[in-house]
Amino acid sequence: MKRLAMLSPVILACSSSALRLSSPLDAGSSAIVGGGGTLGLPAPGGGSTATGGGGTGKASMASDGSVTIPGAFVSVSAGYGSACGLRADGSISCWEFAALDQPMSYPGKFSSFTAGGGVCGLKADGTIVCWGNTVTGENAPPPGTYTYVTSAGWYGCAVKKTDSTIVCWGEGLSPAPVQGDTFISIDASPSDGDDFACGVKTDSTLACWGDAIPLGPGTPPAGTFTEVSAGNGYGCAVRTDGAVTCWGGNVDADLSYPPASSSTPAGQTETFSSVSTSNGWACALRKIDGTVVCWGVHTGEYAPLASVPSGSFKFISVSTHDTCGVRTDGTIVCWANPVRQSQVGY
């Protein structure tokens, strides 16, 4: 599901719902991105509207529905007909695909961000600022310093800088099942009604916890990993040898790993640098050349494979309806997942 968007890429993901964004306190602005929302809504309690402007070049949509956003981006979070990107200068910009000429910019110096409901940005000093959803306190992370943050729906979780343990806030997921364990990274699932998360522990093994079965504690595959992505009822992870494996949520055994490229020599195993998941759909970046492969993990769904852009990428983010990647030149490219292709005729 989600990928954490970072200045040094790691893993993020996004929910299938609209990204509801109001600005961080130091930006003094607000907006709604995705799901038919409009940009430039008043900030809570009065105040200025969010300012437009997204850097050099204009975002554009091709006839096949794919979106290109020029600029110097290091990471991206795909939403429902929307995308947010972290620029090399540490600021965050967001676009709604129905209003590409109205980008929203959120100034600040963020080292990473997550957009799985509202938005939470990890600042250079390790503090977290969240904005957007305000129903259950999901925009109010506990004081402290952190190394990693993820969010989904009505809650967020982060890895504490002091001891690498997890703290969560808002309504939903509790870290109680893994209390005391130490983590490098975590990822919260976009599941509707079934809250769960997976993380890479400091010994590089995986742990999953929450409501979704069979993704309870102890069910992830054994071994050591560099990255994990929690999808809608299943998970995928990158092993330390570069192999990708997926499990849980009725994942078909023959679809539990990326399909081999036609250019891969016989007997050679492909390796990957990252993976991102959502509702039965996963995409991974090949380590050798940064190209993208996407596949459905359930038998009979999303076949044949959706067409993906050619070229080399350094970051990938999958949501229920759209996939976005950052090319090696810093440009963001987004395209529709099969479910959205059928809805909008891409």
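Cut-offs used in this document
Residues numbered from 1 in each chain as written. Predicted model: local features only at pLDDT ≥ 70, side-chain atom pairs only at ≥ 80, totals over all residues. Heavy atoms only, no water. Helix = DSSP H or I, 4+ residues; strand = E, 2+ residues; numbered from the N terminus. Buried < 20%, exposed > 50% of the residue type's maximum accessible area, 1.4 Å probe, protein only. Contact = heavy atoms within 4.5 Å. Areas by Shrake-Rupley, 256 points an atom, 1.4 Å probe, with all protein chains shown as cover. Salt bridge = Lys/Arg side-chain N within 4 Å of Asp/Glu carboxyl O. Pairing = 2+ DSSP bridges. Axes fitted to C-alpha atoms, helices over the stretch in contact; angles between N-to-C directions. Phe/Tyr/Trp six-rings, centres within 6.5 Å; stacked < 30°, edge-to-face > 60°.

Enquirer: Help me understand the overall build of the protein chain in this model?
Expert: The helix and strand inventory of the protein chain stands at one helix and 27 strands. For the protein chain, the residues scored as buried account for 57% of the 346 residues in total. Pairs at least 24 apart in sequence give 48% of the contacts found in the protein chain among residues at least 6 apart. For the protein chain, the accessible surface area stands at approximately 12900 Å², while carbon and sulfur atoms represent 53% of it.

Enquirer: Please explain the pattern of salt bridges as it appears in this structure.
Expert: Scanning the entire structure with this criterion turns up two salt bridges. One salt bridge connects Asp 181 with Lys 201, and the closest N-O pair in it is separated by 3.5 Å. Pair noted here: Asp 181 is in the loop between strand S15 (166–170) and strand S16 (183–188) and Lys 201 is in strand S17 (residues 196–201), with a separation of 20 residues, a long-range link. Note that Glu 270 is salt-bridged to Arg 286, the shortest N-O span being 2.7 Å. With Glu 270 in the loop between strand S21 (244–247) and strand S22 (272–277) and Arg 286 in strand S23 (residues 281–286), the pair connects residues that are 16 residues apart, well separated along the chain. When sorted by exposure, Glu 270 lands in the same class as Arg 286, which is buried.

Enquirer: Just checking my understanding: could you explain unusual backbone geometry for this structure?
Expert: Peptide bonds are, in most cases, trans, and in most cases residues other than glycine have a negative phi. Phi is positive for Ser 164, close to 65°, though the residue is something other than glycine. Along the polypeptide, Ser 164 turns up in the loop between strand S14 (155–160) and S15.

Enquirer: I tried to follow the sheet that holds strand S19 (residues 225–230) on my own but got confused; where do I start?
Expert: Note: strands within a sheet are paired through backbone hydrogen bonds, in either parallel or antiparallel orientation. In space, the three strands of this open sheet follow the order S19-S20-S21, with antiparallel pairing throughout. Here the strands that pair on one side only, and so sit at the sheet edges, are S19 and S21. Taken over all neighbouring pairs, the strand axes of this sheet differ in orientation by 20° on average, direction set aside.

Enquirer: Explanation requested: the sheet that holds S14 in the structure shown.
Expert: Taken together, the three strands give an open sheet; going across it, the order is S13-S14-S15, and neighbouring strands pair in antiparallel fashion. The open sheet terminates on both sides in strands that have one partner only, identified here as strand S13 (146–152) and S15. Direction aside, the axes of adjacent strands within the sheet are offset by 20° on average. The sheet contact formed by S13 and S14 spans six bridges and is antiparallel. Its bridge partner lying in S14, Ser 151 is registered against Gly 156.

Enquirer: Is there a simple way to think about the packing of aromatic side chains in this case?
Expert: Two descriptors summarise a pair of aromatic rings, namely the distance from one centre to the other and the angle between the planes of the rings. What the rule picks out here adds up to five aromatic pairs. Seen from their ring centres, Tyr 106 and Trp 131 are 5.8 Å apart, and the 40° between their planes marks the pair as tilted. Within this pair, whereas Tyr 106 is found in strand S9 (residues 104–106), its partner Trp 131 is found in strand S12 (residues 128–131), the two being separated by 25 residues in sequence. Given a relative accessible area of 0%, Tyr 106 falls into the buried group. For the pair Phe 110 and Trp 131, a centre-to-centre distance of 5.7 Å together with 45° between the ring planes defines the contact as tilted. With Phe 110 in strand S10 (residues 110–114) and Trp 131 in strand S12, the pair connects residues that are 21 residues apart, well separated along the chain. By relative accessible area, Phe 110 is classed as buried at 2%. Trp 131 sits in the buried class, given a relative accessible area of 2%.

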